[in-house]
Amino acid sequence: SASQDGTVKVFDLRTNSSSSAITTKMALPNEQALCVSLGYGGTLAAVGTSKARVSFLDLRYSSGTNPTGALMGSYVDAHTEEVTQVRFQSVSNASGQTKTVLATASEDG
């Protein structure tokens with residue numbers, strides 16, 4: 001889930017507890033998390049933000065006993081307005097090879 005306070009949570013539905021959720025906050029002050037998509041077997045999260053960024057979180061990272069997700073980096077020049085949609089998608093080329101791409105959408109048109 002993505003939140004206006006900048007919090008991103010990823011829940012493991014195999015458990016009955018929200019304490020197993022991976023929780024992290026966006027890096028910039030007053031940066032809202034607007035959307036999230038999981039890719040690469042659930043190990044990578046792409047987060048669209050109110051500061052026109054797409055941030056990438058490594059969900060394998062934990063801090064002590066708390067799973068937190070580590071910020072790997074951000075696309076900062078891809079959009080000029082809020083990023084409202086992100087989606088990982090597997091695509092195949094003519095020779096049948098499959099790769100994963102990320103599609104993003106923004107208020108900038």
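In case you missed it, the structure is sitting above this.
Rules behind the numbers
Every chain is numbered independently, its residues counted from 1 as its sequence is written. The model is predicted, so local features are restricted to residues of pLDDT at least 70 and side-chain atom pairs to those at 80 or more, both for listing and for counting; the totals for chains, interfaces and linings are taken over all residues. Calculated side-chain values reflect all of the structure's heavy atoms, with hydrogen atoms and water omitted. Helix and strand definitions here come from DSSP, where helices need a minimum of 4 consecutive H or I residues and strands a minimum of 2 consecutive E residues; each element is numbered from the N-terminal end. Every radius of gyration here is taken over C-alpha atoms, with the globule rule written as 2.2 Å times N^0.38, N being the number of residues. When a residue's accessible area, from a 1.4 Å probe over protein chains only, is under 20% of the maximum for its type it is buried; when over 50% it is exposed; and in between it is partly exposed. We call two residues in contact when some of their heavy atoms are within 4.5 Å. Accessibility throughout is a Shrake-Rupley quantity obtained with a 1.4 Å probe, and a residue counts as covered only by protein chains that appear here. Patch members must show over 30% relative accessible area and no salt bridge, and they are joined within 9 Å when carrying like charges or within 5 Å when they are nonpolar side chains of Val, Leu, Ile, Met, Phe, Trp or Tyr. Put simply, a salt bridge is a Lys or Arg side-chain nitrogen that is within 4 Å of an Asp or Glu carboxyl oxygen. Residues counted as positive are Lys and Arg, residues counted as negative are Asp and Glu, and His and the chain ends are not counted. Throughout, a charge is located at the NZ atom of Lys, the CZ atom of Arg, the CG atom of Asp or the CD atom of Glu. Think of a polar contact as two N or O atoms within 3.5 Å of one another; within protein, one of them needs to be a possible hydrogen donor and the other a possible acceptor, and neighboring residues in sequence only count if both atoms come from side chains.

Visitor: How should I be thinking about the overall build of the protein chain in this particular structure?
Guide: When helices and strands are tallied, the protein chain shows zero helices and ten strands. For the protein chain, the C-alpha radius of gyration of 15 Å lies close to 13 Å, the compact-globule estimate for 109 residues. Seen through its principal axes, the protein chain has C-alpha atoms that stretch 45 × 35 × 20 Å. In the protein chain, buried positions account for 32% of the 109 residues. Looking at the protein chain alone, contacts between residues at least 24 apart form 38% of all its contacts between residues at least 6 apart. Put simply, the protein chain shows about 6,700 Å² of open surface, and 47% of that area lies on carbon and sulfur atoms.

Visitor: Help me understand a negative patch on the surface, please; the structure alone is not making it clear to me.
Guide: A cluster of acidic residues, Glu 81, Glu 82, Glu 107 and Asp 108, forms a negative patch at the surface. In this fold, Glu 82 is placed in the loop between strand S8 (70–75) and strand S9 (83–92). Assessed through its relative accessible area of 31%, Glu 82 is described here as partly exposed.

Visitor: Please clarify how the side chain of Glu 31 should be interpreted in this entry.
Guide: Its place among the elements puts Glu 31 in the loop between strand S2 (22–25) and strand S3 (33–39). Of the residues examined, Glu 31 reaches a relative accessible area of 2% and is grouped as buried. Here the side chain of Glu 31 touches Thr 49 through a polar contact of 2.9 Å, side chain to side chain. Other than its neighbours up to four places away in sequence, Glu 31 contacts Asp 5, Gly 6, Met 26, Thr 49, Ser 50, Lys 51 and Arg 53.

Visitor: What is the right way to look at unusual backbone geometry in this model?
Guide: In terms of backbone geometry, most residues other than glycine have negative phi values and most peptide bonds are trans. With phi around 55°, Tyr 40 is a residue other than glycine that occupies positive phi space. Summarising the element assignment, Tyr 40 is placed in the loop between S3 and strand S4 (44–49). Positive phi is not limited to glycine here, since Ala 52 has a value of about 65°.

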